[in-house]
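A look at the structure
Letter by letter, the chains look like this.
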2 protein chains.
Amino acid sequence: MSPMPALSALEAGGGFASESVGYGKVDQSLVAALSALVGRDHVRTGSEIAQALGFDAGTRHEVPRLPDVAVVPGSTAEVASVVALANRKRIPLTARGGGTGLAGGAVPLHGGILLDLGRLDRILTIDCRARFAEVEPGVKTLTLQNAAREQGLLYAGDPCSNDDCVLGGNIATNAGGNRAVKYGVTSDQVLSLEVVTALGQVTTLGTRLKKNSTGYNLVRLFVGSEGTLGIITKAMVKLRRLAPLHPDYLVILPDLVAAMTLVEALADDRFLDPITLEIIDRRTVAAMEKLKGAPIFGRPQGHVLIVQFEADSEEEVQDKAARLKQRCADVTCLGITRAGDSEEVWAARRTWAKALHEELPVSVGEDLVVPVDRLAEFIGRMQGLLERYGLDYRLAGHAGDGNMHINTVPGHVPLEHWQDTQTRYRAELYQVVYSLGGRLSGEHGIGLKRKKTLAKLIDPVELELMRSIKRAFDPNNILNPGKIFDLA
Amino acid sequence: MSPMPALSALEAGGGFASESVGYGKVDQSLVAALSALVGRDHVRTGSEIAQALGFDAGTRHEVPRLPDVAVVPGSTAEVASVVALANRKRIPLTARGGGTGLAGGAVPLHGGILLDLGRLDRILTIDCRARFAEVEPGVKTLTLQNAAREQGLLYAGDPCSNDDCVLGGNIATNAGGNRAVKYGVTSDQVLSLEVVTALGQVTTLGTRLKKNSTGYNLVRLFVGSEGTLGIITKAMVKLRRLAPLHPDYLVILPDLVAAMTLVEALADDRFLDPITLEIIDRRTVAAMEKLKGAPIFGRPQGHVLIVQFEADSEEEVQDKAARLKQRCADVTCLGITRAGDSEEVWAARRTWAKALHEELPVSVGEDLVVPVDRLAEFIGRMQGLLERYGLDYRLAGHAGDGNMHINTVPGHVPLEHWQDTQTRYRAELYQVVYSLGGRLSGEHGIGLKRKKTLAKLIDPVELELMRSIKRAFDPNNILNPGKIFDLA
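Here's what I pulled together on the structure shown here.

Some details on the overall build of chain A
Helix and strand counts for chain A stand at 17 helices and 18 strands. With respect to the three principal axes, the spread of C-alpha positions in chain A is 70 × 60 × 45 Å. The contacts of chain A with a sequence gap of at least 6 include a subset with a gap of at least 24, amounting to 73%. When the accessible surface of chain A is summed, it comes to about 17500 Å², and 50% of that surface belongs to carbon and sulfur atoms.

Considering the relation of the copies chain A and chain B
Superposing chain A onto chain B takes a rotation of 180° combined with a translation of 0.0 Å along the rotation axis, leaving an RMSD of 0.0 Å. Taken together, the rotation and translation describe the operation of a two-fold axis. Interface residue correspondence from chain A to chain B reaches 100%, placing this contact among same-surface, isologous pairings.

Some thoughts on the pattern of salt bridges
Taken as a whole and assessed by the stated rule, the structure comprises 66 salt bridges over all chains. A salt bridge links Glu136 of chain B to Arg122 of chain B; the shortest N-O distance between them is 2.7 Å. Residue Glu136 of chain B is found in the loop between strand E6 (132-135) and helix H5 (141-150), and its partner Arg122 of chain B is found in the loop between strand E4 (113-116) and strand E5 (123-127); the two are separated by 14 residues along the sequence. Here Asp474 of chain B makes a salt bridge to Lys470 of chain B, at a shortest N to O gap of 2.7 Å. Accessibility expressed as a relative area gives 3% for Lys470 of chain B, which makes it buried. Connected through shared salt-bridge partners, Arg283, Glu359, Asp392 and Arg394 of chain A make up one network.

A look at the packing of helix H10 (residues 282-292) of chain A against helix H13 (residues 352-359) of chain A
All names here are of chain A. With their axes 9 Å apart at the nearest point, H10 and H13 run at an angle of 90° to one another. By the criterion of interaxial angle, the relationship of H10 to H13 is roughly perpendicular. For the pair H10 and H13, the contacting residues are Arg283, Thr284, Ala287, Met288 and Leu291 in the first and Trp352, Lys354, Ala355, Leu356, Glu358 and Glu359 in the second. Per-class residue counts for the contact of H10 with H13 are 6 nonpolar, 1 polar and 4 charged.

Remarks on the packing of helix H17 (residues 460-473) of chain A against helix H17 (residues 460-473) of chain B
Following both chains from N to C, one finds H17 of chain A and H17 of chain B inclined at 135°, their axes separated by 9 Å at the closest point. One way to sum up the angle between H17 of chain A and H17 of chain B is to call them oblique. Helix-helix and strand crossings are classified by hand; for H17 of chain A and H17 of chain B the assignment is right-handed. Facing H17 of chain A, whose interface residues are Leu465, Ser468, Ile469, Ala472 and Phe473 of chain A, H17 of chain B presents Leu465, Ser468, Ile469, Ala472 and Phe473 of chain B. In the contact of H17 of chain A with H17 of chain B, the residues fall into 8 nonpolar, 2 polar and no charged.

What to know about the interface of chain A and chain B
At the junction of the two partners, chain A supplies 76 residues and chain B supplies 76 residues. In total, chain A and chain B occlude about 6100 Å² of area from one another, counting both sides; carbon and sulfur atoms represent 53% of this. If you look at where chain A meets chain B, you find 16 salt bridges. Among the salt bridges present, the one from Asp312 of chain B reaches Arg270 of chain A, with a minimum N-O distance of 3.8 Å. In this assembly, chain A and chain B are joined by 40 residue pairs in polar contact (both at pLDDT 80 or more). Secondary structure elements with two or more residues in the side of chain A that touches chain B: helix H7 (180-183), strand E9 (202-205), helix H8 (219-222) and H17 of chain A. It is H17 of chain A that contributes the most residues to the side of chain A that touches chain B, 9 residues altogether. When grouped by side-chain class, the residues that make up the side of chain A that touches chain B number 27 nonpolar, 27 polar and 22 charged.

Regarding the packing of aromatic side chains
Here the structure, examined in full by the defined rule, presents 8 aromatic pairs over all chains. Geometrically, the ring pair formed by Tyr249 of chain A and Phe309 of chain A is stacked, given 5.6 Å between the ring centres and 15° between the ring planes. In this pair, Tyr249 of chain A is assigned in strand E12 (residues 248-253) and Phe309 of chain A in the loop between strand E14 (303-308) and helix H11 (314-328), connecting sequence segments 60 residues apart. Of the two residues, Tyr249 of chain A and Phe309 of chain A, neither departs from the other in class, the shared state being buried. A centroid spacing of 5.6 Å and a plane angle of 80° characterise the contact between Phe485 of chain A and Tyr216 of chain B, whose relative ring orientation is edge-to-face. Placement of Phe485 of chain A in the segment after H17 and of Tyr216 of chain B in the loop between strand E9 (202-205) and helix H8 (219-222) is noted, with the two residues assigned to different chains. The exposure class assigned to Phe485 of chain A is buried, which follows from its relative accessible area of 6%. We classify Tyr216 of chain B as buried; its relative accessible area is 2%. Here Arg283 of chain A stacks its cationic end above the ring of Tyr393 of chain A, 5.8 Å away from the centre of that ring.

Digging into the sheet that holds E6 of chain B
Residues and elements named next belong to chain B. Taking strand neighbours across the sheet as the criterion, the 5 strands line up as E5-E6-E10-E8-E9 in an open arrangement whose pairing is antiparallel. Whereas interior strands pair on both sides, the edge strands pair on one side only; in this sheet they are E5 and E9. Across the sheet, the axes of successive neighbouring strands diverge by a mean angle of 15°, strand direction being ignored. As paired elements, strand E8 (residues 190-197) and strand E10 (residues 230-238) share 7 bridges and run antiparallel to each other. The partner of Val196 across the bridge, within E10, is Ile231. Relative to E8, helix H4 (residues 76-89) is tilted by about 45°, and along the sheet it contacts E8, E9 and E10. Contacts from H5 reach E5, E6 and E10 within the one sheet, and its direction differs from that of E5 by about 35°.

A closer look at H17 of chain A
All names here are of chain A. Taking 1.5 Å per residue as the helical rise, H17 with its 14 residues ought to reach 20 Å, and the 20 Å between its terminal C-alpha atoms agrees with that figure. By the criterion of burial, H17 is predominantly enclosed, with 10 of the 14 residues buried. The complete set of buried residues in H17 reads Val461, Glu462, Leu463, Leu465, Met466, Arg467, Ser468, Ile469, Lys470 and Phe473. Of the residues that open H17, the one with a side-chain oxygen 2.7 Å from the backbone nitrogen of Val461 is Asp459.

With respect to the environment of Glu264 of chain B
Of note, Glu264 of chain B is situated in helix H9 (residues 256-267). The exposure class assigned to Glu264 of chain B is buried, which follows from its relative accessible area of 18%. Apart from residues no more than four positions distant in its own chain, Glu264 of chain B is found in contact with Arg129 of chain A together with Val372 and Asp373 of chain B. Among the polar contacts listed, one links the side chain of Glu264 of chain B to the side chain of Arg129 of chain A, at a separation of 2.7 Å.

Some remarks on the sheet that holds E4 of chain B
All names here are of chain B. Pairing within the open sheet is mixed, and its 4 strands lie in the order E1-E2-E4-E3. Among the strands making up the open sheet, the edge pair consists of strand E1 (43-45) and strand E3 (93-96). In this sheet, neighbouring strand axes are inclined to one another by 20° on average, regardless of whether the strands run parallel or antiparallel. Summarising the sheet, strand E2 (residues 69-71) and E4 pair through 3 bridges and their orientation is parallel. In the strand pairing of E4, Val69 is matched with Ile113. Along the sheet, helix H3 (residues 28-38) makes contact with E1, E2 and E4, crossing E1 at roughly 155°. Docked against the sheet, H4 engages E2, E3 and E4, running at close to 165° with respect to E4.

What counts as what
- Residues numbered from 1 in each chain as written.
- Chains lettered and ligands numbered in written order.
- Predicted model: local features only at pLDDT ≥ 70, side-chain atom pairs only at ≥ 80, totals over all residues.
- Heavy atoms only, no water.
- Helix = DSSP H or I, 4+ residues; strand = E, 2+ residues; numbered from the N terminus.
- Contact = heavy atoms within 4.5 Å.
- Areas by Shrake-Rupley, 256 points an atom, 1.4 Å probe, with all protein chains shown as cover.
- Least-squares fit on C-alpha atoms with pLDDT ≥ 70 in both.
- Salt bridge = Lys/Arg side-chain N within 4 Å of Asp/Glu carboxyl O.
- Buried < 20%, exposed > 50% of the residue type's maximum accessible area, 1.4 Å probe, protein only.
- Axes fitted to C-alpha atoms, helices over the stretch in contact; angles between N-to-C directions.
- Parallel < 35°, antiparallel > 145°, perpendicular 65-115°, else oblique.
- Nonpolar A, V, L, I, M, F, W, Y, C, P; charged D, E, K, R; others polar.
- Left-handed = near helix turned anticlockwise from the far one by under 90°.
- Buried area = accessible area lost by both parts, 1.4 Å probe.
- Polar contact = N/O pair within 3.5 Å; in protein donor to acceptor, adjacent residues only side chain to side chain.
- Phe/Tyr/Trp six-rings, centres within 6.5 Å; stacked < 30°, edge-to-face > 60°.
- Lys NZ or Arg CZ within 6 Å of the ring centre and 35° of its normal.
- Pairing = 2+ DSSP bridges.
- Expected span 1.5 Å × (residues − 1).

Listed below in structure tokens is the structure:
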């Protein structure tokens, strides 16, 4: 939500007050103990704590929720000792990576210790033969992408915030991004994790095996657990061969529902085997071009579908382009061109939130996901609902994997009715999403922002299983408490 | 282990006695209550219980451990009501699918209720557009494979016991099989699960999405949990396009370590993109041919590598065969031929346990897995260890995914020293496997058979996390107690 209501409002009636009961206090003796563990230079209190640590990219319009103390450990052993201390003293502890999260996951809701993982920023290994990297959680995604590229390899994870986000955060939210159509999401890249448990113990989970039936799979449980089950201190991730060419084609389409039918066909085309199928609606395109002050996607104007694929040669590019054109013949297209400047296209794609915010400051953003074969139906039903409520929207979606970023905007609805109207509309929209086999968050996570909504949508039995894992792993509820779900 | 020591010996010093304390008794009133839930015809006691329910394919040489009552529910609701009753009365409950498990996972170690899922054997949906199937847990893997093939689709999971094993068991053990090189293991096929929790509640976990950051991933936790966390009552699994051609090539090799270097190169060849890379050592080949009484793999004799790949046309087959021959030029090969009769080759592969047992009744079997790029090193070090201990081996492995089935046999070791020698050898072997990033079980699971070994190899922190999930999901420890790990 942008602007979101203040956290206090968001959490009204939530578990804040009751869950805070029983937590220990951050006092001078705790600060001294933390300083002894990580060094005084790496412990900040009071005015030393940057205001930016009180919010993330998704809650920056809120009143910040500052921690009582910020700690910047320099090793796994230091992380473990800090967490063990927090557990003994029952101090809430929230891990923070790049602060680029969009769901408030890194906000220290209950104060306590903010664990800034920024010093754990080393790439430890790049193995070119077996194609994997070992990284610390504070390595920027772009840094790993670049280091892999220098070896002719690809790190496939690619959130739009890749120049600021870090791998620990990507893993904590199971971040998706632009290349999931071909390569999957962060969980598809992660082979192994070193984690510090809530008790301050260190263990390494998983290994780089295709087959493994040796007990429960805990790696996949930690990926996407948003810092509530343990602290990731190291990760082994897959690298892949980097294809010599990966051109972008821009398909201009007059009709969004028909565009989604095309997306389904392209996502399913084994020969084309697209990396990316990104849709940007016509008016979002206009906002991006206005922000830049120049055309980006060429003419004529319409909804833009960015199609990226791999090729070993220019001949293969032409063969695949021919297949793309053949597929596009099944729908009405206004144009199909190869992007002259891919960097410009992707830089524009990464500006979407900013471009929209300049044009339409009042909006509410979604990270919905539905099966690709239900996308056309979803968009049609969403448009019907919007019309009924008098609302409007802008959209930039990872269409090829069904993950739709949609900003709902007031449209014909007067601002005094906006909150109520969008609330009722979204409740109906989520019912549509779930009825199609979709879910609330494709890649941003639940954090604070979607916690109450999730509580309404999730099967109570599933929720209770999740809660029971949280209680089992973190009996004192110190790790990022109040995120994803409330315990009470 | 074949023959394995009797369960009582296997479990001596284990948690059996202590964990049995506190369980309720199966008496006439419980049998009456179960009969009311599922119908008297579907409840068996005493001599009505087939002896076969007391062991699985991996423990059939043991004294059977029979349940007190066998229940054959006909619906999810019936499963839920039976589990709820078992939980209220604290009766151990073990689910059973095809009984083809090799680790004792379906053996009702603590007696109580055996939940036979054989009546839940319907394929509910095959969706050709979105390519998925919905199945009940008692559907045979082969039945689903055949039903998919009729629609031009592939169910990629393929354990060697495919004509007897069922999907519920495949999911419970995260079964692997022959096609994991290209398609992955069972967890890579599973989209969604309906499960009955230990409290007898029903929930559906997961959905068919590429991206999902909506809370913890519980689907992947249930896959491979061997019936200890809940009962799978329905599954949605991926189907794929069925390639028109999938020829098998037989590569005959004189040296096993060199064969593994070839396997690494082939597994990594993007153009060949093999489905299967199966290795069978020379003497196992001889045993298979002796069992059949005829040559199967052609001449000259040597270690056999079965290479299967997909092709759309005979032209593509020839192109890929040329690539295969090119790769094989890097090692000494005795021959490369296209298998005339693929069915015969795979039928022989599926006889390996029988062929070996006829020749070498005293043996101990492994399901080890290492990264493919460490296979050559693993085999070399294993051969060194075997020589040092005077032991011998036979091998039939899913080499392309690093999963090695190895039968250790006495060799030069007198039978009176066999138990002690193989125990010491295996302890060293497992250290090698773990040092290479490998694990104890690639696809069979831990069950009873590997529980004590796992306890020695696993990091205690990881084990405690697993145990804590078990305690959280199943507070009365009724679901398949004593499998994978002991709680106390």
